[in-house]
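The residues making up each chain are set out below.
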Amino acid sequence: MTPCILIIEDDRNIADLLRLYLVKEGYEAHMVHDGLKGLEAFRELKPNLVLLDVMLPGMDGWGVCRTIRQDSGVPIIMLTAKGETEDKVSGLKQGADDYITKPFEMREVLARIEAVLRRSGLSLEKTTRRLEFDRLIIDMDAFELTVDGKKVPTPPKEMELLFHLASSPNRVYTRNQLLDEVWGFDYFGDTRTVDVHVKRLREKLEGTSEQWELKTVWSVGYKFEVKA
């Protein structure tokens with residue numbers, strides 16, 4: 001099972017960076033930027049671990065942590081700019097499992113996540129995140145797209161979208177599903193964002209093979225079709 005991590009962080013740059021690294025490491029990651037919406041996402045997603053900022057709009061991290069702890073023992077790692085011992089003790093008293101002070105190194109965050117999940121019996125099984133089809137290699141470990149033997153420069157979000165679709169060949173995804181699962185639960189864009197990214201991917205993949213196709217399912221969404 002791939003552990004699911006919910007990032008509740010109001011700084012969008014930090015949240016984006018955390019999600020990018022977590023996805024690259026093989027985790028399923030979702031992000032929201034508000035305490036109350038974080039609780040909604042927690043109830044809907046049922047994550048295996050929460051990365052929780054302290055200073056949040058809607059409801060602060062302490063309140064979110066207390067609310068989660070009322071009926072769940074899911075691991076929580078607090079993220080905050082505060083470094084005083086009293087704040088750390090307060091966070092642990094609220095039920096947090098660990099506490100990381102900003103600014104932090106991503107290697108530290110990943111190590112802490114792995115340690116907490118390991119204690120919970122949910123350590124990530126390292127698997128190669130590489131998909132191969134006729135004349136196509138999608139390598140998420142290296143974030144490289146190889147088309148007909150040539151490496152094609154591809155932005156991270158396009159890589160994530162293509163990998164997500166190709167990981168479940170012939171499954172149809174609606175645009176809203178792709179926004180939630182690739183861009184994140186709290187993304188504020190519209191479904192045209194998906195269309196634009198698919199268009200760019202098609203320009204990179206056009207005419208590569210007759211064995212697969214990035215296909216539009218009219219009035220529904222998209223799928224990565226593998227032909228028998």
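Residues numbered from 1 in each chain as written. Predicted model: local features only at pLDDT ≥ 70, side-chain atom pairs only at ≥ 80, totals over all residues. Heavy atoms only, no water.

(A) Quick peek at the overall build of the protein chain. Assigned secondary structure in the protein chain consists of eight helices and 12 strands. In the protein chain, which comprises 228 residues, the proportion classed as buried is 47%. Within the protein chain, residue pairs in contact and separated by at least 24 positions form 58% of the contacts whose partners lie at least 6 positions apart. When the accessible surface of the protein chain is totalled, it reaches about 11600 Å², and 48% of it is carbon and sulfur. (Helix = DSSP H or I, 4+ residues; strand = E, 2+ residues; numbered from the N terminus. Buried < 20%, exposed > 50% of the residue type's maximum accessible area, 1.4 Å probe, protein only. Contact = heavy atoms within 4.5 Å. Areas by Shrake-Rupley, 256 points an atom, 1.4 Å probe, with all protein chains shown as cover.)

(B) Spatial organisation of unusual backbone geometry. For the bond running from Lys102 to Pro103, omega is -5°, close enough to zero to count as cis. Along the chain, Pro103 falls in the loop between strand 5 (98-101) and helix 5 (106-119). Not every positive phi belongs to a glycine, and Phe143 is a case in point at roughly 50°. Residue placement: Phe143 occurs in the loop between strand 7 (136-139) and strand 8 (144-147). We classify Phe143 as buried; its relative accessible area is 18%. Phi at Asp148 takes a positive value of approximately 50°, unusual for a residue other than glycine. Tracing the sequence through the fold places Asp148 in the loop between strand 8 and strand 9 (150-152). Asp148 gets classed as partly exposed once you look at its relative accessible area, which sits at 48%.

(C) Looking closely at the side chain of Asp34. Relative to the helices and strands, Asp34 resides in the loop between strand 2 (28-32) and helix 2 (35-45). Here Asp34 sits buried without a salt bridge, and the closest side chain of opposite charge, Lys37, lies 6.0 Å off (N-O distance). In this structure the side chain of Asp34 is engaged in a polar contact, spanning 2.8 Å, whose partner is the backbone nitrogen of Leu36. Residues in contact with Asp34, not counting those within four places in the same chain, are Ile8, Pro57 and Gly58. (Lys, Arg positive; Asp, Glu negative; His and termini not counted. Salt bridge = Lys/Arg side-chain N within 4 Å of Asp/Glu carboxyl O. Polar contact = N/O pair within 3.5 Å; in protein donor to acceptor, adjacent residues only side chain to side chain.)

(D) Representation of the nonpolar core within the structure. Counting 47 residues, the largest nonpolar core has Leu22, Leu51, Ile113 and Ile138 as its most contacted members. Setting aside anything within four residues of it in sequence, one finds Ile113 in contact with Ile5, Leu22, Tyr27, Leu49, Leu51 and Ile77. In this structure, Leu6, Leu39, Phe42 and Val50 belong to the second largest nonpolar core, which totals 19 residues. (Core = buried A, V, L, I, M, F, W, Y, C linked by side-chain atoms within 4.5 Å.)

(E) Highlighting the layout of surface pockets. In this structure, the second largest pocket encloses a volume near 190 Å³. Together, Arg202, Leu205, Glu206, Gly207, Thr208, Ser209, Trp212, Glu213 and Leu214 line the second largest pocket. Listing elements by their share of the lining of the second largest pocket, those giving two or more residues are helix 8 (192-205) and strand 11 (212-217). Counting residues per element, the lining of the second largest pocket draws most heavily on strand 11, at three residues. (1 Å grid on protein atoms, 1.4 Å probe; cavity = no way out; pocket = protein on both sides within 12 Å on 5 of 7 lines; lining within 4 Å. Points joined across faces, edges and corners; volume = space filled by probe spheres on them.)

(F) Region of interest: the packing of aromatic side chains. Counted according to the given criterion, the structure contains two aromatic pairs. Geometrically, the ring pair formed by Trp212 and Phe224 is stacked, given 5.6 Å between the ring centres and 20° between the ring planes. On the criterion of sequence distance, the pair formed by Trp212 in strand 11 and Phe224 in strand 12 (residues 221-226) is long-range, its members being 12 residues apart. Of the two residues, Trp212 and Phe224, neither departs from the other in class, the shared state being buried. Through pairs of rings, three or more aromatic residues link up here, namely Phe133, Trp212 and Phe224. (Phe/Tyr/Trp six-rings, centres within 6.5 Å; stacked < 30°, edge-to-face > 60°.)

Note that all results are geometric; they support no functional claim without further evidence.
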